[in-house]
Amino acid sequence: MTTTFDPKLLETSTLQSYLQSAVAPRPIAFASTVDLEGNPNLSPFSFFNVFSINPPIMVFSPSRRVRDNTVKHTLLNIEDTNEVVINVVNYNIVYQMSLSSTEYGKGINEFEKAGLTMLKSDIVKPYRVAESPVQFECKVNDIIKLGKHGGAGNLIICEVVKFHIHNNVLNDDISINQEKLDLVARAGGSYYCRLKKGFFQIPKPLKTLGIGVDNLPDVIRKSRVLTGNDLGMLANVESLPTKADVEAFIKDKLSRYPNFKTITLEEKHQLAQNYLSYGDVESAWNMLLS
């Protein structure tokens, strides 16, 4: 038995859910662009793959938004400059990548919001993501618009003109070690796939704006314990816990652990990291601010 659907009879959002869940996992193009004034933009796209070796061609698609039929800054920038850097996404930066997909306003630097490092490219103007293990500098050969309605794709046909690979993901013979590369891919809903370990979930970024890594207190942002993924999770909140929330958290901890106030800063960060490993961002923040 099967259930059969006519795409023309489905709401676009429903059709989107079916297609993205069934056609998975999908590689992620972490696309960096600049506008005509040189302002950087960074955003992930999972309608992406490599389609030719000679010449080396990659294609990704920033679709029109389903809810309001608007287009992304990535598409507008590419229409103006015909250049893009496609960075691959491994597990070490997946939460920062997710945070960058928040719909910040034009001119906002998603590198800063996600806590990622801008690295000057050799040939094109857009910056590379220094933390990405492989970065492809690309010239755009063509843009194919697939429609004018919400959900319509825009095929960005990119020719790779130079690429860069971190030495720590290379074997002795200069081939890529897939285990060390540790790529992640996109599936339906909040699901991702860590290629060497299977599925996991990342809550979708807030429809309101996360505060961003750039707005984290220095003592947290420069932590020697917290990872980039940890910072990405912490930064995807709209506001910090109130003073009353933190005081209630401290009171609860002291009632069970009388020595709680004597723990070191590093121990606080380790405990916060443990909360984050269970997805408990609220407790992690209360711990860090206690």
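Described below are features of the structure shown in this document. (Residues numbered from 1 in each chain as written. Predicted model: local features only at pLDDT ≥ 70, side-chain atom pairs only at ≥ 80, totals over all residues. Heavy atoms only, no water.)

**Topic: helix α10 (residues 281-289)**
A large share of α10 lies buried, amounting to seven of its nine residues. Every buried residue of α10 is listed here: V281, S283, A284, W285, N286, M287 and L288. Buried positions along α10 lie against α6 (218-221), α7 (228-235), α8 (243-256) and α9 (265-277). (Buried < 20%, exposed > 50% of the residue type's maximum accessible area, 1.4 Å probe, protein only. Helix = DSSP H or I, 4+ residues; strand = E, 2+ residues; numbered from the N terminus. Contact = heavy atoms within 4.5 Å.)

**Some details on the sheet that holds strand β4 (residues 57-60)**
Reading across the sheet, the seven strands line up as β2-β1-β5-β8-β9-β4-β3 and stay open at both edges, with antiparallel pairing between neighbours. What marks the edges here is a single partner per strand, and that holds for β2 (40-45) and β3 (48-52). Across the sheet, the mean angle separating the axes of adjacent strands is 35° when strand polarity is ignored. One ladder, built from four bridges, connects β4 with strand β9 (residues 154-165); its direction is antiparallel. Residue pairing across strands places F60 opposite I156, the latter belonging to β9. (Pairing = 2+ DSSP bridges. Axes fitted to C-alpha atoms, helices over the stretch in contact; angles between N-to-C directions.)

**Remarks on the sheet that holds strand β12 (residues 198-201)**
To summarise the sheet geometry, strands pair through backbone hydrogen bonds and adopt either a parallel or an antiparallel arrangement. Taken together, the three strands give an open sheet; going across it, the order is β10-β11-β12, and neighbouring strands pair in antiparallel fashion. Each edge of the open sheet carries a strand with a single partner, namely β10 (184-186) and β12. Each neighbouring strand pair of the sheet contributes to a mean axis angle of 35°, computed without reference to strand direction. Pairing analysis gives four bridges linking strand β11 (residues 191-194) to β12, with the strands arranged antiparallel. If you follow C193 over to β12, its bridge partner there is F199.

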